[in-house]
Amino acid sequence: MATNGAAQAEANAIMQHDADKGRVAVHSFDPNASPAEKGAAAGKSRDKLASVREKEPHEKEVHIETGGSTVIPTITVEDHDGAKSVVASDTTQVAQDVQDQAANIPGAIPSGPAPAIPDWYRVGWRQMSGIDDAPIPEGEEKDKGVLDMFLREQYYGTWYHNAAVIVFAVFASHFLTRFHFGWGWLFIVLATCSTYYSTSMGRVRRRARDDIQRELVKSRLASEHESADWLNHFLDRFWLIYEPVLSSTVVASVDQILSTNTPPFLDSLRLSQFTLGTKAPRIDKVRTFPKTEDDIVMMDWGISFTPNDVSDMTPRQAQNKVNPKIVLSIRVGKGLATASMPVLLENITFSGLMRIRMKLMSNFPHVQIVDISFLEKPVIDYSLKPIGGETFGFDIANIPGLSSFIRDMTHATLGPMMYDPNVFTLNLEQMLSGKPLDAAIGVVQVSVHSARGVKGTKIGGGTPDPYVSLSINNRAELARTKYKTNTYNPTWMETKYLLINALNETLVLDLFDYNDHRKNTKLSSATFDLARLLEDSTQEGIISPLLKDGKDRGELRYDVSYYPVIEAVPGNEEILESTVGIVRLVIHQAKELDHSKSISGDLNPFAKVFLSDSKKEVFCTPRFKHTNSPVWEAPYEFLCADKNSSVITFKVIDDRDFLKDPVVGYMSIRLPDLLDCMGEAGRDWFPLSGCKTGKIRVSAQWKPLSMAGSIHGSDQYKPPIGVVRLCLNKATDVKNVEATLGASDPYVRVQVNNVTKGRTEVVNNNLNPVWDQIVYIPVHSLKETLMLECMDYQHLTKDRSLGSVEVHVADLAETSEDHRYPYNSTGVKAGSDPLRLDKGNTYKGNLHYTAEFVPALALKNIKFESHTHEARGMVSSEGQDADGGFVSDDASMSSSDIEIQAIPEGVTINPTKKQHRVTMSVDTVGTTNSNGTSSEPLVPSTPTSDTQRKETKETGIEMSPDELLSQQSGIIVFNMISGTLAKKGRLEVLLDDGYWPCFSTIRSRSTHAQWDYVGEGFMKEIDFGQVWLRLNEADEGDKDDIIAEWKGDAKSFLEHTLSGPQQYTLLDQDGKSPSTVMVEARYIPVPVKLEPRESINNQGILTVQLIDGQEIRGVDRGGKSDPYAVFTLNGQKVFKSQTKKKTLTPEWNENFEVNIPSRVGADLSVEIFDWNQIEQAKSLGIAAINVIDIEPFQSEERVLNLVSTKHGEKGQIRVRLLFRPMIIAKSRKNTSTFSSAGRAMTQIGGLPVSAGKGVFHGVTGLIRRGDRDREEIVSIPDAPAGQASQPIGAEAMTARFPSSDGAQPSSQEPGTLRVMVIGAKDLSQTDCKPYATIRVGDKEFKTKHTSKTSSPEWNESFVFAASPLTQKIYVWIHDHKTLGKDKTLGDGEVDIWRHIQPRGMSSAEVQLELRDSGLLRLRLEFDASTNPVSSSSSVSSSEHISRTMSIVSPSRFSIRGRRPGAENDED
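Because the structure is a prediction, the values reported are computed rather than measured. (Residues numbered from 1 in each chain as written. Predicted model: local features only at pLDDT ≥ 70, side-chain atom pairs only at ≥ 80, totals over all residues. Heavy atoms only, no water.)

Before going further, it helps to spend a moment on the overall build of the protein. Helix and strand counts for the protein stand at 18 helices and 69 strands. Counting across all 1467 residues of the protein, residues that qualify as buried make up 50%. Across the protein, contacts joining residues at least 24 apart in sequence account for 70% of those joining residues at least 6 apart. Of the roughly 69100 Å² of accessible surface on the protein, a fraction of 52% belongs to carbon and sulfur atoms. (Helix = DSSP H or I, 4+ residues; strand = E, 2+ residues; numbered from the N terminus. Buried < 20%, exposed > 50% of the residue type's maximum accessible area, 1.4 Å probe, protein only. Contact = heavy atoms within 4.5 Å. Areas by Shrake-Rupley, 256 points an atom, 1.4 Å probe, with all protein chains shown as cover.)

Structure, rendered in structure tokens:
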């Protein structure tokens, strides 16, 4: 012991001598100190360095936390008026003080006067150079080393060492000869001296070669390599700054490795001193290879690290030089009988030729992959002195053969890793992404059903006892089923959950024969490629052959499903509220553990993790020896089925080898509280209970799984307390994000808890938008906050934020004593708040709005049964089966350990919301077994705490379905359960106009979708409301890709879904590719008083018949006029009549339909013009049409007086009006939306279509002004998608469409079909010269092209032969190009017999919504009594007669060939 102490003192003196030179940090610390404390001595704040461990397969069977724990947490969170505080129980430590102390990071800005420079700042070279020390008094001299004081330089050094070897050889030979030793001993002395001499000469020659190489570089001789003197110059100065950081990294990493990999015969291995010296590594030469790919950079670097060479140093630098030295403290013995022995490693040199290959990328850090390899074996040299220290230590390199053996072992280890042609790869993109390399990307569920026809026998005969073992790529076993006794056709019906890190590997299912007393025998194997889960995440009914040596050994039946982790979308960091996910725990370290529980004062600590009520740990950290502040940095992941009721317990245990291992301290905390503590400095430290001192640092990360019921699941749903009625008036001076391309296209979205609940329409190209729209937002608590965010709409890319305003529900509502309405409104709040921008605390623009709270009726039983909660299947039975049992080879925990490690039940940490102050509280939660082996079904936990969670009786009133549906306005709660889809996509729910979805599910991972997703939407008038179910293949935020849709009456929808889940079929635009979804709904009445503009009675379709005119003002020379009428709605022309020549009493008898989005704000007028062939048309007068007082569904004739500003009132026109209330659905188009008449669109299957089609399945009610009486009226049948028509003539004024399934005539003879192409509007281009192409059967005609306009008028007629076998008219609109190919502007199809009758004489005016954009007006006239083939009647010059009968399919000899849609002619 005395010798060891002297050797340690000698080593300390040597290290102090080097430190006194003051050039670089020489780090000295207690060998028993924790790695964190050693890292702090070498650098600042280095305790977050990642640990370095041997990589192991990261896949494993996942432990399942099912929640419902009865453990009372020792750490709890309390909420006091919105402020959180942490509470710890069963300990004298104050939780808040522990976190506050940890939060005080060194270097933080002080809150008060700046204190003196702390000691922790004086580290590294600053400490050793004495730059921060007080000045030395005059006359006082620094202490010097022994050699500096008594010996000059010529008496020691290399010459002295060489002379000493000669003297040693002479005296050793004389000694051996004098005592008559044999020749063998002389050879040993000779070998020792020659080995030392060769080692010494090798070092001298190496240094000489280094000097020569340096001189050659300086002289710049012709060479293929380049020098890097500029970089070496930089490294010489930067090394003194970077060395402390590098040293701290090495200390914190290597010390953990040494501690966890100590050989059994040693007690511990710890670093006690460490320095890398003052001389920086050197890059001797660089060679670049220019002929590589554009994203590849490849270079050869000659590097060397020769800190002992002083030839390129100044005398002062050489005097202050510090060589690299490492002192390793080795503790031998056991328990109290231990001794420490220092081992010194110095004179480290290294040189080699390295090839570096970098692959570049566009994203940060711009270098994706770095490949490193040595082109030749590097030269490594060192002096290792296990005993004796610097002066008396013996270098083991002088032992014959040992140095070469160590060198060969080093090369043998590094060769396969990084010696050419092998490369060592660093993925910088993954390393710098912040994601752990071993983090799971999802969970694979494997349901093993059965095996049939198993071939194989036991060793020695007999029937096998088969079980299935699961692994990835034949690596370590991840999970296994039970074994089944004596069967060739076993049935297991077991489900296993595996955490995986990649889907590019193979799942291996090995079939084993279980043996009691010998090794289990492998019978056969089956494989499954995990990449198949990318195509469809649910693979059911898989039957794989069991193979062994390529031969069939039976078949295995199983299912595989994949549940990926839901990643946040870049740029949209919305927090997903989920209850099912993967929890990644990292047990970082512990400090100040209670050493009084150990006799020697030293602990051998390790930590265990327990989930809820489990008596068996699910994870155990490595064991550290002789430290009271261990650093584990141990990650662990498990699957949590119920986040809200999960409790995690951490026990710190002292490892005592053969004795019982006592618990040093413990900590229990609820998982939600632990997750809330993340993200803030110091909040991840928690005091340990059951001990005097001690704290533990734990972090957690929640990764939600894409699993039915995990996001907005039915068991998480909380009924709303009411709605907030937001009237979004306008915004002023909003931010312009369009640069020089125009102005922003603003709209306002309302978000609650980062979930979008409502939106306004988009105002195109306007920095002062006026919306004047009312939205209703369901709210669930007074603590919620509504974020009104102004957004810039982007048609192809993601929308951009223009600023936001927050509205607190607590400012709008308060509690009430009324059991029917538990909350009251505090009144209307009018706001004109500045828009706060995302970046910085800056503002731009103002938002003007009013907000009012409307309470909801408190109902009972507003909940859903969880039909498809996949997390509920995450349990398995436990115990022995009658025909088998568990396959186990793990040693169980002894009863003595269980008893000694038992702790009181309870939560020790209670984080609460109050300025981080501390109160006392204990939380108790009921549970079932938590390790995935419970036989109890997974059910929501029942809180049992009287302090934090109190059971409350369900309050509210009960109403029958009929009573509910008698309430006009309310919240519809949808539970999207499951679906069988034609393609994978998101299910969107839209209400009424379908402008924005009220909510959307997550994108399904399989065509067999399981959602269990609950969403809400507000319905203003249930009698007239609509429900849209839409399947969108695009991701949220991308351009819509609607693949199927269902639309129906809201009241009928609720009548079916209130009683239970109902199945609905969604179809694409062609009525094909059906997708079925299962939906359930609830209805919560909200007594909202609607404004007239909000009512369904305020919007609809107005049919206008222009009858005639009287006393029209004459402006021609003959006293006559050529009048025509132009109707305008909100400044946009919607209809133009025909011109009547030379008359003052024109008779038009023309009619049209126009969509009225709001009767309150509609400005409808008619203006009469006089047509002139040369001059511009003259206005003859204008008349306004008031649409507010039109009684719905009643035809009304009006006489309108024409007024002109110059001539006053002159002339009259007679019109007939019919208004049909109907929801006018709107669609977003490019960067603008519906803002005026004629642009009100519906949307079917992704195609915008005219609102003139039957949006209702028959309008069955109407709301009169002042009451809500329902009246029976004639139903309006649906027109086909994209088409609307109105009969021409007297019958035009009846609220009735022609029958969609009119009877076919008995005769199939063709009749005459006259098609008049009137005009089009809202084409996609405004500067085009459009013309129309009409095709019926195999005949087609073209109109003349017009001048440049987006609203062309042709008024050309064409005659075709048509019979009931002729189904459709095909239409194309093209842009005429004088040079080049004509461009298609739109196309569409008209179902002929949907609009006119195939017998007698029939006519109708049809409006056809074109694909892409635009509305086309046609007039169809059919006469079944005439055949154009035999008719000799003449037609006008603008009419063209087809002389051949039209048939169903176009001729293959048609000049234009088959157009799109022709293949559907026979439909």
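One finds F974, M976, L1029, F1053, L1054 and V1077 to be the most contacted residues of the largest nonpolar core, which totals 53 residues. Broken down by element, the residue count for this core peaks at 6 residues, all from strand β46 (residues 1008–1019). Grouped together as the second largest cluster of nonpolar side chains are 36 residues, A88, W632, C677 and W702 included. (Core = buried A, V, L, I, M, F, W, Y, C linked by side-chain atoms within 4.5 Å.)

The sheet built from 4 strands is open, its strands ordered β45-β44-β47-β48 with antiparallel pairing. Edge positions in the sheet fall to β45 (999–1000) and β48 (1042–1049), since each has one partner strand and no second. Here 2 bridges tie strand β44 (residues 986–991) to β45, and the two strands are oriented antiparallel to one another. Within β45, the position partnered with E988 by the bridge is S1000. Docked against the sheet, helix α17 (residues 1050–1057) engages β47 (1026–1032) and β48, running at close to 90 degrees with respect to β48. (Pairing = 2+ DSSP bridges. Axes fitted to C-alpha atoms, helices over the stretch in contact; angles between N-to-C directions.)

All right, on to helix α11 (residues 402–418) then. Here α11 contains 17 residues, and its C-alpha end-to-end distance of 24 Å stays within 8% of the 24 Å for a straight helix at 1.5 Å per residue. Of the residues making up α11, those classed as buried are H411, G415 and M418. On the buried face of α11, the contacting elements are β11 (367–374) and β13 (424–427). (Expected span 1.5 Å × (residues − 1).)

Before going further, it helps to spend a moment on unusual backbone geometry. Across the junction of D420 and P421, the peptide omega takes the value 15 degrees, indicating a cis bond. Inspection of the secondary structure assignment puts P421 in the loop between α11 and β13. Within the chain, N473 stands out as a residue other than glycine whose phi angle is a positive 55 degrees. We classify N473 as partly exposed; its relative accessible area is 34%. One non-glycine residue, N1355, lies in positive phi territory at about 55 degrees.

The next subject is α17. When we look at burial in α17, the residues that qualify are A1050, K1051, F1053, L1054 and T1057. For α17, the arc enclosing every buried residue in end-on projection is 160 degrees, short of the 170-degree limit, so these residues lie on one face. (Arc of directions from axis to C-beta.)

Here the focus is the environment of E963. As for its placement among the helices and strands, E963 is situated in helix α16 (residues 961–965). It is 9.9 Å that separates the C-alpha atoms of E963 and P1085, two residues lying 122 residues apart in sequence.

Per-chain confidence: the protein averages 75 in pLDDT, with 71% of residues scoring 70 or above. Below pLDDT 50 for its whole length, residues 44–56 participates in 27 contacts with residues either more than four positions away or in separate chains. Per-residue pLDDT stays below 50 along residues 913–952; that stretch engages in 136 contacts with residues further than four places along the chain or on separate chains. (pLDDT = per-residue confidence, 0-100.)

On the surface, F175, F179, F181, W185 and I188 cluster together into a nonpolar patch covering about 540 Å² of accessible area. Here F181 is to be found in the loop between α6 (158–178) and α7 (183–219). For F181, a relative accessible area of 37% corresponds to the partly exposed category. (Patch = residues over 30% accessible without salt bridge, like charges linked within 9 Å, V, L, I, M, F, W, Y side chains within 5 Å. Salt bridge = Lys/Arg side-chain N within 4 Å of Asp/Glu carboxyl O.)

This brings us to the pairing of strand β7 (residues 282–289). Examined bridge by bridge, β7 and strand β8 (residues 296–305) share 7 bridges and lie antiparallel to one another. Within β8, the residue paired with V286 across the bridge is W301. From the end of β7 to the start of β8, which pair antiparallel, there are 6 residues.

On to the pattern of salt bridges, then. Tallying each qualifying case throughout the model produces 41 salt bridges. D284 serves as the salt-bridge partner of R282, at 3.6 Å between the closest nitrogen and oxygen. Accessibility classification places R282 together with D284 in one group, the buried group. One salt-bridge network, in which partners are shared between bridges, spans D1108, E1197, R1214 and R1216.

What follows is about the sheet that holds strand β66 (residues 1368–1375). The strand order across the open sheet formed by 4 strands is β64-β63-β66-β67, and the pairing between neighbours is antiparallel. Only two strands of the sheet have a single partner each, and these edge strands are β64 (1339–1342) and β67 (1383–1391). Taken pair by pair, the neighbouring strands of this sheet meet at an average axis angle of 15 degrees, ignoring direction. As defined by bridge partners, strand β63 (residues 1330–1336) adjoins β66 across 7 bridges and the pair is classed as antiparallel. Counterpart to I1334 in the pairing with β66 is V1371.

So, on to the pairing of strand β23 (residues 581–591). For β23, the buried fraction is high: 10 of the 11 residues fall into the buried class. The pairing of β23 with strand β26 (residues 631–640) spans 8 bridges and is classified as antiparallel. Bridge assignment links V586 to a residue of β26, and that residue is P635.

Evaluated as defined, the whole model comprises 29 aromatic pairs. Each ring, one from F619 and one from Y636, has its centre 5.1 Å from the other, and the planes form 15 degrees; the classification is stacked. Here the residue F619 occupies a position in strand β25 (residues 619–620), and Y636 occupies one in strand β26, the gap between them amounting to 17 residues. Both residues of the pair, F619 and Y636, belong to the buried class. (Phe/Tyr/Trp six-rings, centres within 6.5 Å; stacked < 30°, edge-to-face > 60°.)

Here the focus is the environment of D772. Tracing the backbone shows D772 in strand β34 (residues 770–779). Distance in space between the C-alpha atoms of D772 and Y849 is 8.8 Å, their sequence separation being 77 residues. Residues contacting D772, with those up to four places away along its chain left out, are C727, L728, N729 and R1093.

Here D792 shows up in strand β35 (residues 785–792). Taking the relative accessible area as the measure of exposure, D792 reaches 0% and is therefore buried. Polar contacts involving the side chain of D792 include one to the main-chain amide nitrogen of D745, which spans 2.7 Å. When residues no more than four places from it in sequence are discounted, the contact partners of D792 are V737, E738, S744, D745, Y747, D799, R800 and L802. (Polar contact = N/O pair within 3.5 Å; in protein donor to acceptor, adjacent residues only side chain to side chain.)

With that settled, consider the environment of K703. Tracing the backbone shows K703 in strand β30 (residues 695–704). Residues K703 and A440, 263 residues apart in the sequence, show an inter-C-alpha distance of 9.3 Å. Only 3.2 Å separates the side chain of K703 from the backbone oxygen of A440, close enough to count as a polar contact. Here E637 takes part through its side chain, which lies 2.7 Å from a polar atom of the side chain of K703.

Time to look at the side chain of E1405. Relative to the helices and strands, E1405 is located in strand β68 (residues 1401–1409). A relative accessible area of 5% places E1405 in the buried class.

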